[in-house]
Amino acid sequence: MERTCLAIILAAGESTRMKSAMSKVLHPVAGRPMISHVVEALASASISDVALVVGRDAEAVSAAASTGSVTVTSFLQKERLGTGHAVLAAREAIARGYDDVLVVFGDTPLITAAPLKEARDGLAAGNDVVVIGFQTPDPTGYGRLIVEDGTLVAIREHKDATEEERRITYCNGGLMAIDGRRALDLLDRIGNANAKGEYYLTDLVEIVRSLGGRAIAVEAPEEELTGCNTRAELAYIERLWQQRRRHEMMLAGVSMIAPETVFLSWDTELAQDVLVEPHVVFGPGVRVESGAIIHAFSHVEGAHVGAGATVGPFARLRPGADLGPKSKVGNFCEVKKAEIGAGAKVNHLTYIGDAFVGAGSNIGAGTITCNYDGVNKHLTRIGANAFVGSNSSLVAPVTIGDGALVASGSVITHDVPADAVAFGRARQEIKPGRAPVLRERYEAEKTAKKKVKAAD
Ligand code: UD1
Ligand code: CA
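Remember, predicted model here, so these are calculated numbers, not experimental data.

Caption draft 1: Molecular detail of the overall build of the protein chain. Within the protein chain, the regular secondary structure consists of 10 helices and 35 strands. Against the compact-globule benchmark of 23 Å for 456 residues, the protein chain has a radius of gyration of 31 Å, which places it well outside the compact range. Here the protein chain holds 456 residues, and 48% of them are scored as buried. Nonlocal contacts in the protein chain, meaning residues at least 24 apart in sequence, comprise 44% of its contacts between residues at least 6 apart. Split by element, the accessible area of the protein chain, about 21,500 Å² in all, is 52% carbon and sulfur. Taken as two groups, the 49 positive and 55 negative side-chain charges of the protein chain have centres that lie 10 Å from each other.

Caption draft 2: Fine view of the site of ligand 1. The full set close to ligand 1 counts 24 residues, and A12, Q77, T83, E157 and N172 are the nearest of them. Q77 places a side-chain nitrogen or oxygen 2.7 Å from a nitrogen atom of ligand 1. Residue L81 places a main-chain N or O atom 3.4 Å away from an oxygen atom belonging to ligand 1. In isolation ligand 1 offers 760 Å² of accessible surface; the protein chains occlude 92% of this area. The set of elements that each furnish at least two residues to the shell around ligand 1 consists of β1 (5-11), α3 (83-88) and β10 (170-179). Taken together, the residues of the shell around ligand 1 sort by class into 8 nonpolar, 10 polar and 6 charged.

Caption draft 3: Local environment of the coordination of the calcium ion (ligand 2). The calcium ion (ligand 2) binds to the protein through D107 (OD) and N229 (OD1), with metal-donor distances spanning 2.5 to 2.6 Å. A residue pair is termed long-range when its members are at least 10 positions apart, and D107 in the loop between β6 (100-105) and α5 (113-124) and N229 in the loop between β11 (215-219) and α9 (231-251) qualify at 122 residues. The class of N229 is buried, set by a relative accessible area of 17%.

Criteria and cut-off values
- Residues numbered from 1 in each chain as written.
- Chains lettered and ligands numbered in written order.
- Predicted model: local features only at pLDDT ≥ 70, side-chain atom pairs only at ≥ 80, totals over all residues.
- Heavy atoms only, no water.
- Helix = DSSP H or I, 4+ residues; strand = E, 2+ residues; numbered from the N terminus.
- Rg over C-alpha atoms; globule rule 2.2 N^0.38 Å.
- Buried < 20%, exposed > 50% of the residue type's maximum accessible area, 1.4 Å probe, protein only.
- Contact = heavy atoms within 4.5 Å.
- Areas by Shrake-Rupley, 256 points an atom, 1.4 Å probe, with all protein chains shown as cover.
- Lys, Arg positive; Asp, Glu negative; His and termini not counted.
- Charge placed at Lys NZ, Arg CZ, Asp CG, Glu CD.
- Near = heavy atom within 4 Å.
- Polar contact = N/O pair within 3.5 Å; in protein donor to acceptor, adjacent residues only side chain to side chain.
- Nonpolar A, V, L, I, M, F, W, Y, C, P; charged D, E, K, R; others polar.
- Donors = N, O, S within 2.8 Å, 3.2 Å for Na, K, Ca; no water.

Just geometry here; none of it tells us what the structure is for.
As structure tokens, then:
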């Protein structure tokens, strides 16, 4: 029979070292709260019973943890007395009786399903406590794993460790699997006689051994267990996350010329044969289809880019931008809440917001959809195969019909029927031979001014 499992996520800490008005587990990694990444990892390990221990910012943390298919039940840790005390906040859940109890930390967002599974395998193999450890050249701050003859004999917190113990580079990743049938009994035995005066979950190792049980440590890649206590570590975690996802994407057929300069969000979807040039930032909610090119220095968020479309360089796609196949949004253009039809071109210095641009239309340089009257937003509809001359203002609400032509420099305030030509500007006036006359006048004025100055 398959073993049952309860995961307990600890997320009640004060986050003192983050120096923030918000709990650290709410700080985003790849554009989503750290805690959501942890829940996602549990889901991918097919763990569906999750207890979340919250303290600071309890409501926001619970909300951020409720993602996807996992049912998360929150438990409040009223006082922050340490990780051992925190686990017991979920006493009620543990008491339901599980084969495996898996403790994970809300501040370890790079965790994946693999070490979670390994920890559980360790229990299935007959161990009472399984700790996931990692090797690091810089173990400062982490609990050290003291291993003798293949068994884990103790975890020593940095503050409590001797000089010699501090030289150990094998560290506690914070992920611990406990025999679910013994968990409550073991947890209730944790005391707080240590440097911090806290109830350390890590004491479980010595406790279980003193009762004749067995604890082991299993090594996992350092990257997955990197914890976040400070803003500097947050930036480091972001970097590791980005590296990992770029690599996955490149292996899946996405080209990146300078991957280290491309920033992805947790949900960025780039199809095969997408090319991303250097210095591109993807905010949340982006899907780019096959063969599209995102040129350098573009910022793309909440947007869909159709197959073979091109974006940038220096383009900004904001939420609701929907680019049809083979369409083009060029340099210094901004598109928001707008559909750009198949093959349509918005090439230079243009703002298209709250609009529909039909297939095959060409929007000239400097065109602006004036979508906002200071109070309300209005729609601009441009039909198929229309041509909007450069530097035109389309004052919404307004419709430009299929095949219509708008003269450059127009201010369009009324609908333009299909196939019509609209001149939305004053006609040009010609005065033959007038230029030399004007030039002479200007010269005379200039000389007069100089004379006045000399006389001063
Ligand atoms: C902890 C481990 C350490 C390990 C490291 C890995 C203990 C005693 N120490 O240290 O061995 O190397 O993680 O990253 O377990 N929390 C609560 N309630 C509390 C205290 C903490 O919910 O009363 C939560 C925090 O929100 C956090 C997690 O538990 O998500 C870990 O707490 P933290 O204070 O960051 O522990 P570390 O000092 O990093
Ligand atoms: Ca930590």
